[in-house]
Amino acid sequence: MSDFLPSFEPFESLFRYLAKHSFWADFVTFCSSFNGFNEAMLFKMAQATDETIYMVILSGFWGTIIGLPIGILLYTTRKGQILDSYIANNVISFVTNVFRSIPFIILIVWIIPFTTILMGTFIGKQAAIVPLSIGVSPLIARMIENALLDVPKGLIEASRSMGATPLQIVYKVLLPEALPVIVNSMTITLITLTGYIAMAGAVGAGGLGQLAIQYGYNGYKPAIMNTVLVILIIIVFIIQFIGNTIVKRVTHY
Amino acid sequence: MIKLEHISKTFEQNKNIIHALKDISLHVPEGKIYGVIGKSGAGKSTLIRCVNLLEKPTSGKIFFDNQDITHLSNRKLIEVRRKISMIFQHFNLLSSRTVFDNIAFPLELNKTPKAIIKQKVNELIDLVGLSEKANVYPANLSGGQKQRVAIARALASDPKVLLCDEATSALDPETTRSILELLKDINQKLGLTILLITHEMDVVKQICDQVAVISNGELVEQSSVGEMFSHAKTDIARQFIQSTLHLTIPDDYLARLIPEHKEGLNPLVRMEFTGVSVDLPLLSQIAKEFEVDSNIISAQMDYAGGVKFGLMLTEMKGKQKSTASAIAFLEKNNTKVEVLGYV
């Protein structure tokens, strides 16, 4: 199942390209002055960065695929809403709460059998996407629900008066109107996800977390640990920057 | 065009049953502007929402174009709703869409082809006078402009009826007047039937043909606007009429005003002229017949639904006996007289 997933190695490719140039040797020499660094470690670092970004993107994507409809249902089945249903709302709300209560590090281990069925293995970046997506989807669902709650009720009433179907209300009114808040929440979610991924690294998902634990902590190489931290901080800043830029573009009030 | 028969609506709130509407029947004739006036909490919002079934009435029937729409399936109801448009106090425009796209919204719901949408929307933007604002987002419009967009959007689906839910209540008087003129204009140009609810008699006075007064969920009075202003039957209707006339006793009179008669004091009288009494030269008649001179302190005359009506505050100068017979004479001639005190 994991074969269809695309390969994703921008930083590794970049390093391979840089390695062909003359200044590369000087760079490696400079880096090697820090404890634990050598050319192989530089490539490992590039690879781990690629893996982390890969996991952020894919689990963010799958988490949204699962979380978005749940969030919409959480909102639309509320009392007085377009799909008002006491039972459906309580069941969905209960399941969401249960999954939100499970600490992420335990969720990874707990769903190993399911991950193995789905991906054929429970180790590696692709397998990690399963618990990551499932772990983050209830958070996304609640954030979507919250974003939709901000949409003025009068807009739904006006749309109903114009003869909009529930589905049209969702994708023509609720989602576009809530978009700025949704993008903002997604930024927060992706940043949280970056933290989850570092945790997943501790149990064999790969990525920067694993590198920091394996070489930085277990191998006691503070330079590696600190470099990983700097890379993670940069990733978080970039996500926040992209999020803010999109929010600015989609906000019209 | 729209007929409500014995509409009742009850809400349950914390085990209390609230009767929002009690046995309301009314008929909105085609091409007319029908106003429902009531104080806040009287049930007028619930009433107008029952017409397009945003609220399902507990009992009673609603007819649109001679068709009973009370128990239609959701699919049929959606079709009917496209023929009954609605505008709101707070406009309810989509903030994520430009003026153009907001007006196009009901057409999109209908899956109208793009070319037709473009033509139609541009016509409507011109009709409401916002040609230069087509690509502006609602956040950058004034209240009046927003309501114009909402009106254009409401007209996009070629409705037969327009429901106005306090459409001018959030606007300043100047803007209110221009929006009402626009409504009157489309009523005449397009023959659109309009049902509006409001708490301002000024709105009714300015554009309505017929009016109903709602109080505590009951329809207490309904008639043509002229009839209402000339022969209001209920106190609440009279209160609304008086609210459009702003007559206050000046401070220096108020300071001298005493409730009981004393020698040498003259009565301060408020007169309400309606219907026929407006056109009679009553003040000069009482001057001639009873030798009572009227010192007019303030007066206001107005015109609604083809009927003149007015309020006047006067000090009646004359002998006590003759002022009393003058008042009796005025009352005989359909003028409501109230002695406020003596000055």
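These numbers were taken from a predicted model, which means no experiment stands behind them.

### Observations concerning the overall build of chain B
Move 1: Looking only at helices and strands, chain B features twelve helices and 14 strands.
Move 2: Taken along its principal axes, the extent of the C-alpha atoms in chain B is 80 × 50 × 35 Å.
Move 3: The proportion of buried residues among the 343 residues of chain B is 52%.
Move 4: A sequence separation of at least 24 residues applies to 71% of the contacts in chain B between residues at least 6 apart.
Move 5: On chain B, roughly 16,100 Å² of surface is accessible, and the fraction owed to carbon and sulfur atoms is 47%.
Move 6: Of the charged side chains in chain B, 41 are positive and 40 negative; the average position of the first set lies 6 Å away from that of the second.

### Concerning empty space enclosed by the protein
Residue and element names in this part refer to chain B.
Move 1: Taken as a whole and judged by the stated rule, the model has five cavities of 30 Å³ or more.
Move 2: Size it by volume and the largest cavity reaches roughly 50 Å³.
Move 3: Along its surface, the largest cavity is lined by Cys164, Glu166, Ala167, Thr168, Leu180, Leu196, Ile197, Thr198 and Val203.
Move 4: When residues in the lining of the largest cavity are grouped by element, the largest group, three residues, is from strand 8 (residues 193-198).
Move 5: Tallied by class, the residues present in the lining of the largest cavity amount to six nonpolar, two polar and one charged.

### Regarding the side chain of Ser95(B)
Move 1: Structurally, the position occupied by Ser95(B) is in the loop between strand 6 (84-87) and helix 3 (99-109).
Move 2: Sequence-distant contacts of Ser95(B), that is, excluding residues within four places in its chain, are made with Glu177(A), His252(A), Tyr253(A), Tyr137(B) and Pro138(B).

### Here we look at the packing of helix 9 (residues 166-202) of chain A against helix 3 of chain B
Move 1: Put simply, helix 9 of chain A and helix 3 of chain B touch, their axes get as near as 12 Å, and they point 155° apart. Here helix 9 of chain A is positioned roughly antiparallel relative to helix 3 of chain B, judged by the angle of their axes. In the packing of helix 9 of chain A onto helix 3 of chain B, the handedness of the crossing is right-handed. For the pair helix 9 of chain A and helix 3 of chain B, contact is made by Gln168(A), Lys172(A) and Val173(A) and by Phe105(B), Glu108(B) and Leu109(B), respectively.
Move 2: Split into classes, the residues belonging to the contact of helix 9 of chain A with helix 3 of chain B amount to three nonpolar, one polar and two charged.

### Let's talk about the confidence of the model for chain B
Move 1: Averaged over every residue, the pLDDT of chain B is 90; the share at 70 or more is 100%.
Move 2: Scored as a complex, the prediction yields pTM 0.84 and ipTM 0.84.

### Observations concerning the sheet that holds strand 11 (residues 267-274) of chain B
Residues and elements named next belong to chain B.
Move 1: The four strands are arranged 12-13-11-14 in an open sheet whose pairing can be described as antiparallel. Each of the sheet's edge strands pairs with one partner strand only, and the pair in question is strand 12 (293-304) and strand 14 (335-342). In this sheet, adjacent strand axes meet at a mean angle of 15° when their direction is disregarded.
Move 2: Here strand 12 runs beside strand 13 (residues 307-317); their pairing, made up of eleven bridges, is antiparallel.

### Some details on the environment of Asn122(B)
Residue and element names in this part refer to chain B.
Move 1: Considering the arrangement of structural elements, one finds Asn122 in helix 4 (residues 114-127).
Move 2: Using a relative accessible area of 33% as the deciding quantity, one classes Asn122 as partly exposed.
Move 3: Each C-alpha atom, one on Asn122 and one on His261, is 68 Å from the other, the two residues being 139 residues apart in sequence.

### Quick look at the pairing of strand 10 (residues 218-224) of chain B
Move 1: Summarising the sheet, strand 9 (residues 210-215) of chain B and strand 10 of chain B pair through six bridges and their orientation is antiparallel. By the bridge assignment for strand 10 of chain B, Ala212(B) is matched with Gln222(B).

### A few points about the sheet that holds strand 1 (residues 2-13) of chain B
Residue and element names in this part refer to chain B.
Move 1: Taken together, four strands build an open sheet; the order of strands is 2-1-4-5 and the sheet is antiparallel. Each edge of the open sheet carries a strand with a single partner, namely strand 2 (16-28) and strand 5 (67-68).
Move 2: Taken together, the nine bridges between strand 1 and strand 2 define a ladder with antiparallel strand orientation. Residue Thr10 lies in a different strand from strand 2, and its bridge partner there is His19.

### A word on the side chain of Ser157(B)
All names here are of chain B.
Move 1: When you line up the elements, Ser157 lands in the loop between helix 5 (143-155) and strand 7 (161-165).
Move 2: Accessibility expressed as a relative area gives 11% for Ser157, which makes it buried.
Move 3: Residues within four places of Ser157 in sequence aside, it is in contact with Arg82, Lys83 and Ser85.

### Quick notes on helix 8 (residues 153-161) of chain A
Move 1: Counting buried residues along helix 8 of chain A, seven of its nine residues qualify, which places the element largely inside the surrounding structure.
Move 2: Three or more residues of helix 8 of chain A are buried, namely Gly154(A), Leu155(A), Ile156(A), Glu157(A), Ala158(A), Ser159(A) and Ser161(A).

### Here we look at the pattern of salt bridges
Residues and elements named next belong to chain B.
Move 1: Under the criterion given, the structure shown has 18 salt bridges over all chains.
Move 2: In this structure, Glu174 engages Arg177 in a salt bridge whose closest nitrogen and oxygen atoms are separated by 3.8 Å. With Glu174 and Arg177 both in helix 6 (residues 173-190) and three residues apart, the pair spans about one turn of that helix.
Move 3: What makes Arg177 partly exposed here is its relative accessible area of 39%.
Move 4: Between Asp235 and Arg238 there is a salt bridge, and its shortest N-O distance comes to 3.2 Å. Here Asp235 pairs with Arg238, and both are found in helix 9 (residues 235-243), just three residues apart, close to one helical turn.
Move 5: Classification of Asp235 as exposed rests on a relative accessible area of 54%.

Definitions and cut-offs
Residues numbered from 1 in each chain as written. Chains lettered and ligands numbered in written order. Predicted model: local features only at pLDDT ≥ 70, side-chain atom pairs only at ≥ 80, totals over all residues. Heavy atoms only, no water. Helix = DSSP H or I, 4+ residues; strand = E, 2+ residues; numbered from the N terminus. Buried < 20%, exposed > 50% of the residue type's maximum accessible area, 1.4 Å probe, protein only. Contact = heavy atoms within 4.5 Å. Areas by Shrake-Rupley, 256 points an atom, 1.4 Å probe, with all protein chains shown as cover. Lys, Arg positive; Asp, Glu negative; His and termini not counted. Charge placed at Lys NZ, Arg CZ, Asp CG, Glu CD. 1 Å grid on protein atoms, 1.4 Å probe; cavity = no way out; pocket = protein on both sides within 12 Å on 5 of 7 lines; lining within 4 Å. Points joined across faces, edges and corners; volume = space filled by probe spheres on them. Nonpolar A, V, L, I, M, F, W, Y, C, P; charged D, E, K, R; others polar. Axes fitted to C-alpha atoms, helices over the stretch in contact; angles between N-to-C directions. Parallel < 35°, antiparallel > 145°, perpendicular 65-115°, else oblique. Left-handed = near helix turned anticlockwise from the far one by under 90°. pLDDT = per-residue confidence, 0-100. Pairing = 2+ DSSP bridges. Salt bridge = Lys/Arg side-chain N within 4 Å of Asp/Glu carboxyl O.

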